[in-house]
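Reading the structure
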Amino acid sequence: MTSAADMRGADVLTLSNFTPRAALELFDTARRAKADITPFRRVLDGRSFALLFEKPSLRTKMSFEVGIAKLGGQPVFMDHGAQRLGARESVRDYAKNLERWVDGIIARVYLQTALEEMAEAARCPVINALSDRFHPCQALADLFTLFELAGHDAGRLRAMRLAYVGDGNNVCHSLMHAATLLGVGMTVVTPRGYAPAEDVTRECEAFAKAAGSTFAVTADLHAVEGHDAVYTDVWVSMGQGGGVDEVTRRRKVFAKYTVDAGLMERASRGRPAPAVFMHCLPAQRGMEVTDEVIDSARSVVYDQAENRMWAQNALLVHMYGNGQHHQPGAT
Ligand code: CP
Ligand code: NVA
């Protein structure tokens, strides 16, 4: 997506096809909507959205439901916690039915491939609300949060350095995409064997090169030094439980990677101000982060949660605002 105009009618399954310009235009819309929602109140007038969730959610469900209502649209929640997509009928048939009623499908799934299948089949846009591979809406909100901390100044945003410490998971992948696209210096620190996927790492190396920024993936905790923000996520993601053994094994492997006050102090070295702490939530307090850090004045976790709604609403404004739209039921 070269500019925000290209978002009209597009699927949002990953951020790898975004450009810095599109992301910054989106942030500008998010900033304006957050300051005053009034001009946006009818953007989704008469439009309905299916929210399909195969996994639990607080932030994603609430921020989409409340956010869509703020824009004048209607969210319809479909709880797929007890029944995987594709179990009762094929994912393709599911999509071909939904497109007759709704203007967009917002789906939280186990498999990115299920989203791809749905997007391929449906005439209406599909938005990834988290999969095994990516969490693009989260990363947009996270970079928008950094953009706010940078005083809504793209130059100051590019001067920032972000460290991700923990599992190289879905949240990490999308954060890597968003940060490297926007030219934010990024260091990913994961235990050996838990690094982000090779293909995503390669893409992000190319994005960082194009942006002229730094990007590194390492197991060395010393690499957290010199960052403006430290981000972590749970060590065991939804669907990765795999029994008590897997949880116990991960807790052992990740024990050194807890974000505590010492790590935050080390991260802040050489930077103008103490680093902020970021987390997509939900957090396993005492595991990937201590209470002291997540409850500190430098923690921006609830700003991130609030910004889920503003970033997603900006996305919806660009996807559906003035222009041509898919008409449910139209052939
Ligand atoms: N961060 C996030 O996606 O939270 P939920 O799982 O509660 O939606
Ligand atoms: N990585 C976590 C993020 C939850 C928002 C998971 O997939 O469970």
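What this report covers is the structure whose coordinates are included nearby. None of the values given here were measured: they were computed from a predicted structure.

**Here we look at the sheet that holds strand E2 (residues 74-79)**
- The parallel open sheet is built from four strands, whose spatial order is E2-E1-E3-E4. At either end of the open sheet lies a strand with only one pairing partner, and these are E2 and strand E4 (126-128). Each adjacent strand pair in this sheet contributes to an overall mean axis angle of 20°, direction not counted.
- Sheet analysis places strand E1 (residues 48-53) next to strand E3 (residues 104-108), joined by five bridges and oriented parallel. Its bridge partner being in E3, Leu 51 is matched across the sheet by Ile 106.
- Strands E1, E2, E3 and E4 of the sheet are contacted by helix H2 (residues 59-70), whose axis makes an angle of about 175° with E1.

**Details of the site of ligand 1**
- The environment of ligand 1 is made up of Ser 57, Leu 58, Arg 59, Thr 60, Arg 108, His 135, Gln 138, Cys 280, Leu 281 and Arg 308.
- In this structure, an oxygen atom belonging to ligand 1 sits 2.6 Å away from a side-chain N or O atom of Ser 57.
- At 2.8 Å, a backbone N or O of Leu 281 approaches a nitrogen atom of ligand 1.
- Its free accessible area being 260 Å², ligand 1 has 96% of it covered by the protein chains.
- The class makeup of the residues in the shell around ligand 1 is three nonpolar, four polar and three charged.

**Here we look at the side chain of Lys 55**
- Topologically, Lys 55 is positioned in the loop between E1 and H2.
- Asp 132 provides the closest opposite charge to the buried, unpaired Lys 55, separated from it by 6.5 Å.
- In contact with Lys 55, other than residues within four places in its own chain, are Arg 108, Val 109, Tyr 110, Leu 130, Ser 131, Asp 132 and Met 238.

**A closer look at the nonpolar core**
- Judged by nonpolar contacts, the single largest core of 71 residues is most densely connected at Met 7, Phe 18, Leu 143, Leu 157, Leu 162, Met 186 and Leu 315.
- Ranked by residues supplied to this core, first place goes to helix H12 (residues 301-320) with nine residues.
- Residues within four places of Phe 18 in sequence aside, it is in contact with Met 1, Met 7, Val 12, Ala 23, Leu 140, Leu 181 and Leu 315.
- Counting residues in each nonpolar core, the second largest holds 19 residues, with Leu 13, Val 91, Ala 95 and Val 126 among its members.

**Section: the site of ligand 2**
- As a structural note, the neighbourhood of ligand 2 is formed by Leu 130, Asn 169, Asn 170, Val 171, Asp 233, Val 234, Ser 237, Met 238 and Leu 281.
- At a separation of 2.8 Å, an oxygen atom of ligand 2 approaches a polar side-chain atom of Asn 170.
- Contact between ligand 2 and Asp 233: a nitrogen atom at 2.6 Å from a side-chain N or O atom of the residue.
- Contact with the protein chains covers 95% of the free accessible surface of ligand 2, which is 270 Å².
- Residue classes in the shell around ligand 2 are distributed as five nonpolar, three polar and one charged.

**Digging into the state of the cysteines**
- Evaluated as defined, the whole model comprises zero disulfides.
- Free of any disulfide, Cys 280 has its nearest neighbouring cysteine sulfur in Cys 172, separated by 11 Å.
- Overall, Cys 280 belongs to the buried group, its relative accessible area being 6%.

**Remarks on a nonpolar patch on the surface**
- Side chains of Leu 58, Met 62 and Val 66 sit close together on the surface and give an oily, nonpolar patch of about 270 Å² of accessible area.
- The residue Val 66 is located in helix H2 in this model.

**Focus: the packing of helix H1 (residues 20-35) against helix H5 (residues 136-149)**
- Viewed as axis vectors pointing N to C, H1 and H5 meet at an angle of 70°, and their least axial separation amounts to 10 Å. Viewed along their axes, H1 and H5 adopt a mutual orientation that is roughly perpendicular. Where H1 approaches H5, its residues Leu 24, Leu 26, Phe 27, Ala 30, Arg 31 and Lys 34 are matched on the opposing element by Leu 140, Leu 143, Phe 144, Phe 147 and Glu 148.
- Here the residues of the contact of H1 with H5 are counted per class, giving eight nonpolar, no polar and three charged.

**As for the pattern of salt bridges**
- The tally for this structure, following the rule as stated, stands at 21 salt bridges.
- A salt bridge links Asp 295 to Arg 285, with the shortest nitrogen-to-oxygen separation between them at 2.9 Å. One end of the pair, Asp 295, is in the loop between helix H11 (291-294) and H12; the other, Arg 285, is in the loop between strand E9 (276-279) and H11, with ten residues separating them in the sequence.
- Given a relative accessible area of 49%, Asp 295 falls into the partly exposed group.
- Each of Asp 167, Glu 246, Arg 249 and Arg 250 takes part in one network of salt bridges that share partners.

Reading the values: rules and limits
Residues numbered from 1 in each chain as written. Chains lettered and ligands numbered in written order. Predicted model: local features only at pLDDT ≥ 70, side-chain atom pairs only at ≥ 80, totals over all residues. Heavy atoms only, no water. Pairing = 2+ DSSP bridges. Helix = DSSP H or I, 4+ residues; strand = E, 2+ residues; numbered from the N terminus. Axes fitted to C-alpha atoms, helices over the stretch in contact; angles between N-to-C directions. Contact = heavy atoms within 4.5 Å. Near = heavy atom within 4 Å. Polar contact = N/O pair within 3.5 Å; in protein donor to acceptor, adjacent residues only side chain to side chain. Areas by Shrake-Rupley, 256 points an atom, 1.4 Å probe, with all protein chains shown as cover. Nonpolar A, V, L, I, M, F, W, Y, C, P; charged D, E, K, R; others polar. Buried < 20%, exposed > 50% of the residue type's maximum accessible area, 1.4 Å probe, protein only. Lys, Arg positive; Asp, Glu negative; His and termini not counted. Salt bridge = Lys/Arg side-chain N within 4 Å of Asp/Glu carboxyl O. Core = buried A, V, L, I, M, F, W, Y, C linked by side-chain atoms within 4.5 Å. Disulfide = S-S within 2.5 Å. Patch = residues over 30% accessible without salt bridge, like charges linked within 9 Å, V, L, I, M, F, W, Y side chains within 5 Å. Parallel < 35°, antiparallel > 145°, perpendicular 65-115°, else oblique.

Scope: geometric values only; no functional claims are made or implied.
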